[in-house]
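An overview of the molecular structure
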Amino acid sequence: MERRRKQARVDADADSGSGGNATTDGPALDDATMERMAAIIDKLEKVDDEEQEEAQKLAERFEEKRRGVLEDRDKQVADIPAFWLRALQRLPAGRDSVGEAEAP
């Protein structure tokens with residue numbers, strides 16, 4: 001299945017003019033050329049996969065850092081009475097929408 005998909009990509013590239021074909025700008029690509037193109041596509045897909053894996057690892061690493069900072073913030077906020085209510089009341093939009101009924 002994967003091989004057919006890759007072959008279809010090579011064929012599509014050849015038909016689009018990037019590789020040439022018999023009807024537009026030269027002879028059709030031979031089997032050896034098609035195999036070399038498929039090998040290049042395989043290499044490119046491996047690089048793409050590696051990039052995705054590394055990006056995921058990096059995102060996870062920073063998410064862990066972020067989680068630690070947010071936990072520290074939550075500990076600090078827990079010691080401040082009605083912190084979030086007071087914070088929202090200080091925002092222009094919050095002044096009208098957060099009333100004393102929400103106060104502890």
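Residues numbered from 1 in each chain as written. Predicted model: local features only at pLDDT ≥ 70, side-chain atom pairs only at ≥ 80, totals over all residues. Heavy atoms only, no water.

**Considerations on the overall build of the chain**
Helix and strand content of the chain: four helices and zero strands. Order of helices (α) and strands (β) in the chain, N terminus to C terminus: α-α-α-α. The 104 residues of the chain split such that 13% are buried. Considering only intrachain contacts with a sequence separation of at least 6, the fraction spanning at least 24 residues in the chain is 34%. For the chain, the accessible area works out to roughly 8500 Å², and carbon and sulfur atoms hold 56% of it. (Helix = DSSP H or I, 4+ residues; strand = E, 2+ residues; numbered from the N terminus. Buried < 20%, exposed > 50% of the residue type's maximum accessible area, 1.4 Å probe, protein only. Contact = heavy atoms within 4.5 Å. Areas by Shrake-Rupley, 256 points an atom, 1.4 Å probe, with all protein chains shown as cover.)

**Some thoughts on the pattern of salt bridges**
Following the criterion strictly, the structure yields four salt bridges and no others. Notably, a salt bridge pairs Glu-63 with Arg-66, separated by 2.9 Å at the nearest N-O pair. Within this pair, Glu-63 and its partner Arg-66 are both found in helix α2 (residues 31-78), separated by three residues, close to a single helical turn. A residue is classified by how much of its surface remains accessible, and Arg-66, at 44% relative accessible area, is partly exposed. Linking Asp-74 and Arg-73 is a salt bridge whose minimum nitrogen-to-oxygen distance equals 3.3 Å. (Salt bridge = Lys/Arg side-chain N within 4 Å of Asp/Glu carboxyl O.)

**Observations concerning unusual backbone geometry**
Its identity as a non-glycine residue notwithstanding, Ala-82 has a phi of 50°, on the positive side. Relative to the helices and strands, Ala-82 is located in the loop between α2 and α3 (83-90). For Ala-82, a relative accessible area of 28% corresponds to the partly exposed category.

**Some details on the confidence of the model for the chain**
Averaged over every residue, the pLDDT of the chain is 80; the share at 70 or more is 64%. Mean pLDDT per element in the chain: helix α1 (residues 2-15) is the minimum at 61, and α2 is the maximum at 96. Here residues 19-23 is a poorly scored stretch, pLDDT under 50, and it has 13 contacts once near neighbours within four places are set aside; other chains count. (pLDDT = per-residue confidence, 0-100.)

**Observations concerning the packing of aromatic side chains**
Within the structure shown, the criterion is met by one aromatic pair. Ring centres of Phe-83 and Trp-84 lie 4.8 Å apart, and the angle between their planes is 80°; this geometry places the pair in the edge-to-face category. (Phe/Tyr/Trp six-rings, centres within 6.5 Å; stacked < 30°, edge-to-face > 60°.)

**Considering the side chain of Thr-33**
Structurally, Thr-33 can be placed in helix α2. What makes Thr-33 buried here is its relative accessible area of 19%. One polar contact links Thr-33 to Asp-30, side chain to side chain, over a distance of 2.6 Å. (Polar contact = N/O pair within 3.5 Å; in protein donor to acceptor, adjacent residues only side chain to side chain.)

**Observations regarding α2**
With 48 residues, α2 ought to run about 70 Å at 1.5 Å a step, and its terminal C-alpha atoms sit 69 Å apart, in line with that. Those residues of α2 that sit buried are Thr-33, Met-34, Ala-38, Ile-41, Glu-45 and Val-77. (Expected span 1.5 Å × (residues − 1).)

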